[in-house]
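Summary of structural features
Residues per chain, in single letters:
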Amino acid sequence: METQTPSQTARRPDPELQELLTRERDRLEREAGLAPAHIDHFRRPEELPFTAAERPHTTVLIGGLSLRHDALIKAGLEGLGYRIDTVPVPRKADFQAGKEYGNNGQCNPTYFTVGALVNLLKRLRDEEGLSAEEITRRYVFLTAGACGPCRFGMYEAEYRLALKNAGFDGFRVMLFQQEGGLDQATVEAGLDMNLSFFLAMLNGIFIGDLLNEVSYHIRPYEVVPGQTQRVIDRCLALCEDGLRGRGYDQIRGGRVAGLLSKVAPLKGADEAQQFLDQLMGDYYQDLLRRCAAIIDDEIEVDYTRAKPIVKITGEFWAQTTEGDGNFNMFAFLEREGAEVLVEPVVTWLGYLLRQAKVKASDERGLDETQTPLSRFDLRGRLAREARYGKTRLLLEVADRILHREYDRLRRALGGTAHEPVCQLELERLGHPFYNSRSGGGEGHLEVAKNIYYSTQGLAHMVLSLKPFGCMPSTQSDGAQAAVVSRYPDMIYLPIETSGEGDINAHSRVQMALGEAKAKSKTELRETIAKTGYTLEELQSYVAEHRELRRPLLDLPHPEGVAGRAARFYLLVAERMRREAGARRRVRSA
C-alpha cells in the first residue's frame, strides 16, 4: 500500500474550507446581482408568424432611408397589395427612448431607429387607443440586417429587447438580410419575395436616389425660395402614383419570355416577361421624363452663384437620414451657402455586388462540403469550375443590369445626376489605404470616395458623417490620416454624430466650409479669366436667355472644375463664341 508524504497531505483541499469559500462566493454574487438565479438573460422570443392570410389586415412598417426613398418604396409595395406605413424620421426624443429601453453602449443609429419604432407604437397605444395585443397582431416591422463586426449585426436583438422593455413583447420584427434575403423561417408567406417585390424595391430606390440628388443640386440656386421643394413634391407624388399603379400582375409572358424562363433563374414565363419589361420598357423612364419637363418649366435658377460642393460620405445610416440623427446636416450646409452632394443608395448596392464577386473569386476551388479532388479527377474539377462560372456570370449580369437601369432613369431625368461610380475604380483607389476585403460598415468605400470625389474635381469638400464609437468608421478615420497626407489639397472633415453636440459639430463644419468657399471662389475667378469674357458680359448674356436659367442644364465638366457656377460660365462662354462665329460667317458671306 502506497503511503502519502506529508507534503501531499498538506496539498489536499479541506472540504470544510471549500464549502465555506463557496458559500461566501455565492453570498457576494447574490449581493452583486451576479448569482445565476438573478440573471435574466435576453432570449429571442417565439414570434407569431406573419402569413399570407394576414396580409390584407396587417400593416408592415418600414423606414430607415430618406423621406423620398421611404415614400416611394411604400408606394411600390402598396401596389403589390401590402398595407405599408413608414416609421417617421427619428428625432432626439426617439434617441432618448432608445437609450431608455435598449442596452447601454449602442451606436446612435441603433438608439434613433429603435426609439422611433417604440415611440410610434406608444402613440398607437396611447393616442389611438389600441392595446399592446392589437398592435402586436396588426403590425409588423421590416428592417435591414447584416453580419460582420459592426453593431448593425445586433440591431435585431436590440429591437426585440427595447420592444419587450416598452411593453410590446412579441412584436414581430422581420429581418431582411443584405447578403441573404429575408428570414423566411420568421415570416413564412407574409411577404412574397418574388421578382415583383424586388423590382418595386429597386425602382423605388433608384427614383429616390435621383429625386434626392436633383433636388439638392437645384435648391441652392433657385430664384424663388421654396419653389424647388414644391415642384419636387409634385414629382414625388407623380412617381408614387406610378409605382402604386404599376400592375405587375397584368404582365403576361410570351414566347420570348417562355424561352428566357428556361435558361434564367426565373419562376415561369410571367416573371420572365416582367424581367424583359423592366429591361426593355419605358414605364419608369416616362415618369421621370414628365418630372424633368415639370422641373424645367416651373423652376428658375441662377447658376452664377458661387457655392462650394460638399460631398457627403460616412456610415450608411448617418449619411442618409435627414433629421437629428446627423445633426440636420444637409439643411445646415444649405443655410451656410453650400451645395450638398448626397450619397445614392445605388452605390451601396453596387458595393455589395462587387464584394460578392470578390468573394466568389477568392473561394474559387474551395468546397468544404466535398472531399478534395485529385489532380486526375477532371470531371469533378470541371463541375466546380462550372459552378464558379455560373456564380460569376449571375453576379456580373446583376451588376450590369443595376448600372444600366439606373443610368436609363438618370438620363430620363435630364442627365444632371452623377453616374454610378465604378466599384473597381473605388477599390483601386481605396485598397492601398484600406484593405478592400475588410468587412464591416462601408468597408473601403469611405476612404475611396474621399479620394475619388476630391481628385476627380467633383467636390470642394468631403464631409464624413458617422456614429460615435462606430468601429468600422474609426478604422476608416485612421486610414484617412494617410490619405490626407498623400493628397494635401483635399478638404476632408469627419464628424461623429450622436444625440447631442449639434453646436460643436456645426462649428467644425463652418470652419472647414470657409476653406471650401474660398476654394470655389478662386476656381470661379480663374475659370472666368480663361473664358476671354468679363463677368459683366457673361451675366448680361445669361439675363437675355431664359433657357440658361433652366435647372436641368447639361453643364460641361472639364478636369479640375467642380463648382456649378464655374462650369456654367464655361457653357455660356462657349455658346457666346459659337454665336459670334456664326455672325462673322454671315457678314463675310
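Here we summarise the structure given alongside this text.

About the cut-offs
Residues numbered from 1 in each chain as written. Predicted model: local features only at pLDDT ≥ 70, side-chain atom pairs only at ≥ 80, totals over all residues. Heavy atoms only, no water. 1 Å grid on protein atoms, 1.4 Å probe; cavity = no way out; pocket = protein on both sides within 12 Å on 5 of 7 lines; lining within 4 Å. Points joined across faces, edges and corners; volume = space filled by probe spheres on them. Helix = DSSP H or I, 4+ residues; strand = E, 2+ residues; numbered from the N terminus. Nonpolar A, V, L, I, M, F, W, Y, C, P; charged D, E, K, R; others polar. Buried < 20%, exposed > 50% of the residue type's maximum accessible area, 1.4 Å probe, protein only. Pairing = 2+ DSSP bridges. Right-handed = clockwise from strand over helix to strand, strands pointing away. Phe/Tyr/Trp six-rings, centres within 6.5 Å; stacked < 30°, edge-to-face > 60°. Lys NZ or Arg CZ within 6 Å of the ring centre and 35° of its normal. Axes fitted to C-alpha atoms, helices over the stretch in contact; angles between N-to-C directions. Contact = heavy atoms within 4.5 Å.

Another point: the layout of surface pockets. Its volume calculated, the second largest pocket comes out at about 440 Å³. What lines the second largest pocket is a set of 18 residues, among which A417, H418, E419, L458 and H557 lie closest to the centre. Going through the elements one at a time, α18 (445-455) and α22 (564-588) are the ones with two or more residues in the lining of the second largest pocket. Tallied by class, the residues present in the lining of the second largest pocket amount to eight nonpolar, five polar and five charged.

Of the two faces of strand β1 (residues 59-62), the one carrying T59 and L61 and the one carrying V60 and I62 are both buried. Both β1 and strand β2 (residues 83-86) contribute to a ladder of four bridges, which runs parallel. Bridging across to β2, I62 finds its partner in T86. Chirality of the crossover, the property in question, places the unit of β1, helix α3 (residues 67-78) and β2 among those that are right-handed.

What follows is about the packing of aromatic side chains. Describing an aromatic ring pair means giving the distance of the ring centres and the angle of the ring planes. One pass over the structure, following the stated rule, counts 15 aromatic pairs. Look at F206 and Y406: their rings are 5.7 Å apart centre to centre, the planes differ by 80°, and that puts the pair in the edge-to-face class. Highlighted residues: F206 in helix α9 (residues 195-218) and Y406 in helix α16 (residues 378-412), separated in sequence by 200 residues. You'll find F206 and Y406 in the same group, each marked buried. Counting every residue linked through ring pairs, the aromatic cluster contains F95, Y111, F112 and W317. Residue placement shows K311 over the ring face of Y453; its charged tip is 4.5 Å from the ring centre.

Turning our attention to empty space enclosed by the protein. Across all of its chains, the model carries seven cavities of 30 Å³ or more by this definition. The volume enclosed by the largest cavity comes to roughly 110 Å³. Residue lining of the largest cavity: 13 residues in total, with S66, H69, N212, V342 and E343 positioned closest to the centre. Considering each element in turn, the lining of the largest cavity owes the most residues, four residues, to α9. Considering only residue class, the lining of the largest cavity consists of four nonpolar, five polar and four charged. What lines the second largest cavity is simply E213, K311, L341, V342, P344, V346, T347, H418, E419, P420, V421 and Y453.

What follows deals with the sheet that holds strand β7 (residues 339-341). If you trace the four strands from one edge of the open sheet to the other, you get β7-β6-β8-β9, paired in parallel fashion. Single-partner strands in this sheet number two, and they are β7 and β9 (492-497). Geometrically, the sheet is characterised by an average inter-axis angle of 30° between neighbouring strands, direction not taken into account. Bridge count for strand β8 (residues 461-467) against β9 is six bridges, and the pairing is parallel. Of the residues in β9, the one forming a bridge with P467 is T497. On top of the sheet, helix α19 (residues 471-486) reaches β8 and β9; it is set at about 165° to β9, its chief contact.

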